[in-house]
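Geometric and topological summary
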2 protein chains.
Amino acid sequence: MQEVVHNDVMKRNVNRQWLLNSRPEGMVSENNFRLAESDIPKPKMGEVLVRVLWLSFDPTQRGWMARDTYVPKIPLGEVMRSFAVGEVIESNNNPDYNVGELVTGLFGWQDYIATDGKGMTGMRKVPKGIPPNLALSLFGITGLSAYFGVNDIGQCKSGETFVVSAAAGAVGSIAGQVAKKIKGCRTIGIAGGKAKCDWIVKEAGFDGAIDYHSEDVGKRLSELCPQGIDVYFDNVGGPILDMVLERINLHARIVLCGSISRYNTNVPFGPSNYFNLTARRARMEGFLVLDYAQRYPEAVQALAKWLAEDKLKQKEDIETGLENAPKAFMKLFKGENFGKQLLKI
Amino acid sequence: MQEVVHNDVMKRNVNRQWLLNSRPEGMVSENNFRLAESDIPKPKMGEVLVRVLWLSFDPTQRGWMARDTYVPKIPLGEVMRSFAVGEVIESNNNPDYNVGELVTGLFGWQDYIATDGKGMTGMRKVPKGIPPNLALSLFGITGLSAYFGVNDIGQCKSGETFVVSAAAGAVGSIAGQVAKKIKGCRTIGIAGGKAKCDWIVKEAGFDGAIDYHSEDVGKRLSELCPQGIDVYFDNVGGPILDMVLERINLHARIVLCGSISRYNTNVPFGPSNYFNLTARRARMEGFLVLDYAQRYPEAVQALAKWLAEDKLKQKEDIETGLENAPKAFMKLFKGENFGKQLLKI
């Protein structure tokens, strides 16, 4: 049994839940959520009771709040949906999970959940030896997105120039390191602020960084990518996507992973340079990591190996206390998180 | 020897040439060209003299006038570049071409050209039995673009829904018919005006047409594509691209062939719904037919077979007289051409 449970919160005799109070318009606000308390659920026959321990914060969750996307939107008044890690603390004749096991799934912003483990995306055991934070970051949807985006959609080849935005973020930092250290690409990251840019180059080993807060991104892209851009791993959309499109090479691949610049706006930006895809015979392609579920073991094995070989630097930004979940979430959209945003309940 | 030469123009003893006078800003105008006369060129050793007979007008030529694209821009004061068909009327010891043969190449807007056949894109013989107009339309870059776009980039499968814009145009009409009659797709065309829409359905056999002059394109797309859109063959860009992106299916392919709505504007439109490519795991990809030169014989053979089987209806819009070249060209950007725009010198 992994020793990760906090006895103080274990003693809690109510289930705190952050419910979706309203759908976001523009920037997400604390008013979109309301805190409620309910009884600790009793697992029905075949269910287990999970004590939620860690929450994962991901930009795509704003989409879940706002509208039907690749998954149905969260109903108003229901628990805010998010990936999480918890511990099975009770079982009502469930044959698959044992008390004391760490599990991961879409548990949401709450202290407890009773589940048969068969809901949306299902529930998986956290392999022994993997700490819960890594289960949500490097081995969670963000690390896995980086893996499949670089490999399958980016199809990066040695010697190519790879650019990634939100490069100090949970996905971008891993994507850039895989491109650089595994695929052998010249790798440039775009991030906000000197601390993040320093980390990208000095810790994560990128070839260069562009601070979009203080630098002319287009000019710097031209300087740092003198041979043009072969692969762009896009986490932000907006004008930066257009600046990259202006500089793509023949047969370039634009990997559409995220578009955080548009999540909190009602007037989304359209990349007017998209037509360079024709002149350069290039491709812009979206993907969702959920489609690759059958290949997660392959990805986890590879990422774990590279981590053990010290090829991947992992950066996490950890808040504490379920009461702070909305604040932790909003950091994503203000560029205030540095690495994977997590919360330890 | 094919009997296509007009004796009257053959007797002309000067070489009329339309020169690029200025680069277009906004809509192409007649002032971008100026007509000049020069001596009929004398073929140097190894060259042939070609009497130009037919000109091909293609939207991409505006790009050639304006700026370096996938080919260098046309220098100011030089002959307007275009594909054409001509007849070899004199040879100065060229071993590859015989007097009397029809040839096609980038001869430009002029009566005569002396060439060794080795310039940009080279010179090819028009196969016996193929009339010069077909060599520029169905078997020219427009028909070939339709072929490779539908096959290689669209990867159309039977039963899918295929939408094409500029559907009564040189590329769109062939793309839609290949998708419908060869690939077995449900095929919807978007075109301007009742005559074009009638032709698409009644002559070309599409399942439906949308008149963007008089109909609400988004609403009609929803009506005519109740299962969503799997492949969009885009010749126009602009807001219609965005309306399609709103309605794409999982794993949809957007084939970027042209973007005529933007060629004459300095404030090009960016498709703000591009991010649906992620939610729908879809792809937007550009291509240029010039990259497929080695596979032209395969395409010409297939298109010729389908034409012989009466599966392809071919529509041409033919102007006459070299003096009318600018007017014929400008029709493309006003939506005034109906089918492939040609000019018979």
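The model shown is predicted, which means the values in this text are computed figures rather than measured ones. (Residues numbered from 1 in each chain as written. Chains lettered and ligands numbered in written order. Predicted model: local features only at pLDDT ≥ 70, side-chain atom pairs only at ≥ 80, totals over all residues. Heavy atoms only, no water.)

1. Observations regarding the interface of chain B and chain A
Note the threshold: A contact between two residues is defined here by any heavy atoms of the two lying within 4.5 Å. Buried area is understood as the total, over both parts, of accessible area removed when two parts are fitted together, assessed with a 1.4 Å probe. Here, a salt bridge means any Lys or Arg side-chain nitrogen found within 4 Å of an Asp or Glu carboxyl oxygen. The definition of a polar contact used here is a pair of N or O atoms within 3.5 Å, where within protein one atom must be able to donate a hydrogen and the other to accept one, and adjacent residues in sequence count solely through side-chain atom pairs. Each residue gets one label: Ala, Val, Leu, Ile, Met, Phe, Trp, Tyr, Cys and Pro are nonpolar, Asp, Glu, Lys and Arg are charged, and the others, such as Gly, are polar. Any two strands with at least two DSSP-identified bridges between them are counted as paired. Only DSSP runs of H or I covering at least 4 residues are called helices, and only runs of E covering at least 2 are called strands; the numbering of each starts at the N terminus.
Listed as interface residues are 31 residues of chain B and, on the opposing side, 31 residues of chain A. By the criterion of area lost to chain A, the three top residues of chain B are Y274, F275 and R281 of chain B, representing 26% of everything that side buries. The interface formed by chain B and chain A contains four salt bridges. Residue D291 of chain A is joined to R281 of chain B by a salt bridge in which the shortest nitrogen-to-oxygen separation is 2.5 Å. Put simply, chain B and chain A have eleven residue pairs in polar contact (both at pLDDT 80 or more) between them. A per-class count over the side of chain B that touches chain A returns 16 nonpolar, nine polar and six charged. Two elements, strand β13 (residues 283-286) of chain A and strand β13 (residues 283-286) of chain B, share three bridges in a ladder whose sense is antiparallel.

2. Some details on helix α5 (residues 170-182) of chain A
All names here are of chain A. Let me state the cut-off plainly: By definition here, a helix of n residues has an expected span of 1.5 Å times n minus one. When accessible area is computed with a 1.4 Å probe and restricted to protein chains, residues below 20% of their type maximum are described as buried, those above 50% as exposed, and intermediate ones as partly exposed.
Helix length check: α5 (13 residues) gives 18 Å between terminal C-alpha atoms against 18 Å at 1.5 Å per residue, within 8%. Within α5, ten of the 13 residues are buried, which leaves the element mostly enclosed by the surrounding structure. Restricting attention to buried positions, one finds in α5 the residues A170, V171, G172, S173, I174, A175, G176, Q177, V178 and A179. Of the residues flanking the end of α5, it is G184, one or two places downstream, whose phi is positive at about 75 degrees.

3. A look at the packing of aromatic side chains
To keep it simple, the criterion reads: Classification of ring pairs uses Phe, Tyr and Trp, with its six-membered ring standing for Trp, and accepts pairs whose centres are within 6.5 Å; under 30 degrees between planes counts as stacked, over 60 as edge-to-face, and the remaining range as tilted. Whether a charge sits over a ring comes down to the Lys NZ or Arg CZ being within 6 Å of the ring centre and within 35 degrees of the ring normal.
A full pass over the atoms with the stated rule returns 31 aromatic pairs over all chains. The structure contains a cluster of three or more aromatic residues connected by ring pairs, namely Y147, F148, F162, F233, F287, Y292, Y296 and W306 of chain B. Stacked on the ring of F338 of chain A, the Lys or Arg K315 of chain A has its end atom at 4.4 Å from the ring centre. Positioned above the aromatic ring of Y112 of chain B is the side chain of R51 of chain B, whose terminal nitrogen or guanidinium carbon lies 4.9 Å from the ring centre.

4. Looking at the pattern of salt bridges
Residue and element names in this part refer to chain A. Under the counting rule described, the total for this entry stands at 47 salt bridges over all chains. Linking D111 and R16 is a salt bridge whose minimum nitrogen-to-oxygen distance equals 2.8 Å. Note that D111 is positioned in the loop between β5 (102-105) and β6 (112-115) and R16 in strand β1 (residues 15-20), a separation of 95 residues in sequence. Residues D111 and R16 agree in their burial class; the two are buried. Taking the shortest distance from any N to any O, the salt bridge between K311 and E309 comes out at 3.0 Å. Several salt bridges converge on common partners, so that one network encompasses R16, R51, D111 and E323.

5. Side note on the pairing of β1 of chain A
Residue and element names in this part refer to chain A. Most of β1 is tucked away: six of the six residues are buried. Residues N15, Q17 and L19 of β1 are buried on one face, and the alternating residues R16, W18 and L20, pointing to the opposite face, are buried as well. By the bridge criterion, six bridges tie β1 to strand β2 (residues 33-38) in an arrangement that is antiparallel. Residue pairing for β2: Q17 is matched across the bridge by A36.

6. Details of the packing of helix α4 (residues 141-153) of chain B against helix α11 (residues 296-308) of chain B
All names here are of chain B. This is how it is decided: Lines fitted to the C-alpha atoms define the axes, with helices restricted to the stretch that makes contact. Angles between their N-to-C directions range from 0 to 180 degrees. We call two directions roughly parallel when the angle between them is under 35 degrees, roughly antiparallel when it is over 145, roughly perpendicular when it lies between 65 and 115, and oblique otherwise.
Across the interface, α4 lies against α11 with an axial gap of 10 Å and an inter-helix angle of 95 degrees. It follows that α4 is roughly perpendicular to α11 by the angle criterion. Each of G143, L144, Y147 and F148 in α4 lies in contact with α11, whose residues at this interface are Y296, E298, A299, V300, A302, L303 and W306. Of the residues contributing to the contact of α4 with α11, the split by class is nine nonpolar, one polar and one charged.

7. Concerning the relation of the copies chain B and chain A
Our working definition: Alignment of the copies relies on least squares applied to C-alpha atoms, considering only residues that score at least 70 for pLDDT in both.
Mapping chain B onto chain A is achieved by rotating through 180 degrees and translating by 0.0 Å along the same axis, at an RMSD of 0.0 Å. Both copies of the chain, as the preceding transformation shows, are related through a two-fold rotation axis. When each C-alpha of chain B is compared by its distance to the rotation axis, G270 of chain B comes out closest, at 2.0 Å. Both copies present the same face, since 100% of the interface residues in chain B are matched by interface residues at the equivalent positions in chain A.

8. Re the side chain of S259 of chain B
Counting through the fold element by element, S259 of chain B comes out in the loop between β12 (248-256) and α9 (260-263). Separated by 3.3 Å, the side chains of S259 of chain B and Y274 of chain A make a polar contact. Sequence-distant contacts of S259 of chain B, that is, excluding residues within four places in its chain, are made with Y274 and F275 of chain A together with N235, V236 and G237 of chain B.

9. Overview of the domain arrangement of chain A
All names here are of chain A. What counts is decided by this rule: For the domain bounds, the source is a domain assignment made automatically or taken from a database.
Per the domain assignment, the segments making up chain A are domain 1 (7-137 + 314-344) and domain 2 (141-290). Each of domain 1 and domain 2 was reduced to a C-alpha centroid, and the two centroids are 29 Å apart. If you look at the interface, domain 1 gives 21 residues, while domain 2 gives 16 residues. Between domain 1 and domain 2, roughly 1600 Å² of surface is buried when both sides are summed, and carbon and sulfur atoms account for 63% of that area. Along the contact surface separating domain 1 from domain 2 lie zero salt bridges. For the interface between domain 1 and domain 2, the tally reads six residue pairs in polar contact (both at pLDDT 80 or more). Sorting the residues of the side of domain 1 that touches domain 2 by element identifies α2 (60-66) and α12 (325-333) as the ones contributing at least two each. Residue classes in the side of domain 1 that touches domain 2 are distributed as nine nonpolar, eight polar and four charged.

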